[in-house]
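# Report on the structure
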Amino acid sequence: MVKGTVRSIPMLVILNIVTCGIYYAYWLYKTTDEIKNFMERDDINPTLELVLSIVTCGLYTFYWYYKYGKILYLEMTKKAGMDTTEDNTVLLIVLNFLMYVISCAIFQDKLNAIWNSIPDSGLIESHNDDE
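Once that is clear, we can look at the overall build of the chain. Counting secondary structure elements, the chain contains six helices and two strands. Listing the helices and strands of the chain from first to last along the sequence gives β-α-α-α-α-α-α-β. On C-alpha atoms alone, the chain measures out to a radius of gyration of 14 Å, which is about the 14 Å that the 2.2 N^0.38 rule sets for 131 residues. Each principal axis of the C-alpha distribution contributes one length, and for the chain these read about 40 × 30 × 30 Å. Going through the 131 residues of the chain one by one, you find that 42% of them count as buried. A sequence separation of at least 24 residues applies to 72% of the contacts in the chain between residues at least 6 apart. In the form shown here, the chain has an accessible surface area of approximately 6,800 Å², with 65% of it arising from carbon and sulfur atoms.

So this is what it looks like as C-alpha cells:
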C-alpha cells in the first residue's frame, strides 16, 4: 500500500489558476496514479484518464469525479479505517460544472485526510514532487 502526497489546498488553487489549468491535468494524472497505487488496482490507468480528459475538452472529468469520487469516499476511506458515510461525489460533479478548481480542492482535501490518517510506519510514501 502506497501513501499519496498531501498537497496544500491554497497552493493547488493558485497553481490551477496561474497555469490556466495545465496544473489541473498534472494533478488529475498524479491523483489517479496515487489512487491506483493505494488501492492496488491494475484496472486504473492514469494515462488513459488524462488522455480522455484532454480529448473530450474536459467533459470526461465529470465522469472522472463520479468514478473516483465513489472510490475515494467509499473504498479508500474504508481501507484507511475512516467513516464511509460521507459521500460528496454528486457535489463534486455539480461543482465541476461551476468551477473545476473547487471540485479539485474538495477532492484533494479528502485525499489529504486519508493520507494523514494512515501511520507512516510500514508504508512507502510517494515523493512530494509537485510543490
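Having put the structure on the table, let's press on.
Turning next to helix α6 (residues 100-117). Between the first and last C-alpha of α6 there are 26 Å, a value that for 18 residues agrees with the 26 Å anticipated at 1.5 Å per step. Burial in α6 covers these residues: Val101, Ser103, Cys104, Ala105, Phe107, Gln108, Lys110, Leu111, Asn112, Ile114 and Trp115. On its buried face, α6 is in contact with β1 (2-3), α1 (9-18), α2 (22-39), α4 (60-79) and α5 (89-98).

Within the secondary structure layout, Lys110 lies in helix α6. Beyond its immediate sequence surroundings of up to four residues, Lys110 is in contact with Leu72, Tyr73, Thr77, Met82 and Glu86.

The biggest cluster of nonpolar side chains holds 28 residues, and the ones touching the most others in it are Trp27, Ile35, Trp64, Tyr65, Met76, Phe107 and Ile114. Within the residue set of this core, elements represented by two or more residues are α2, α4, α5 and α6. Counting residues per element, this core draws most heavily on α4, at nine residues. Excluding its chain neighbours within four sequence positions, the residues that come into contact with Tyr65 are Tyr24, Trp27, Lys70, Thr89, Leu92, Ile93, Asn96, Tyr100, Ser103, Cys104 and Phe107.

Criteria and cut-off values
- Residues numbered from 1 in each chain as written.
- Predicted model: local features only at pLDDT ≥ 70, side-chain atom pairs only at ≥ 80, totals over all residues.
- Heavy atoms only, no water.
- Helix = DSSP H or I, 4+ residues; strand = E, 2+ residues; numbered from the N terminus.
- Rg over C-alpha atoms; globule rule 2.2 N^0.38 Å.
- Buried < 20%, exposed > 50% of the residue type's maximum accessible area, 1.4 Å probe, protein only.
- Contact = heavy atoms within 4.5 Å.
- Areas by Shrake-Rupley, 256 points an atom, 1.4 Å probe, with all protein chains shown as cover.
- Expected span 1.5 Å × (residues − 1).
- Core = buried A, V, L, I, M, F, W, Y, C linked by side-chain atoms within 4.5 Å.

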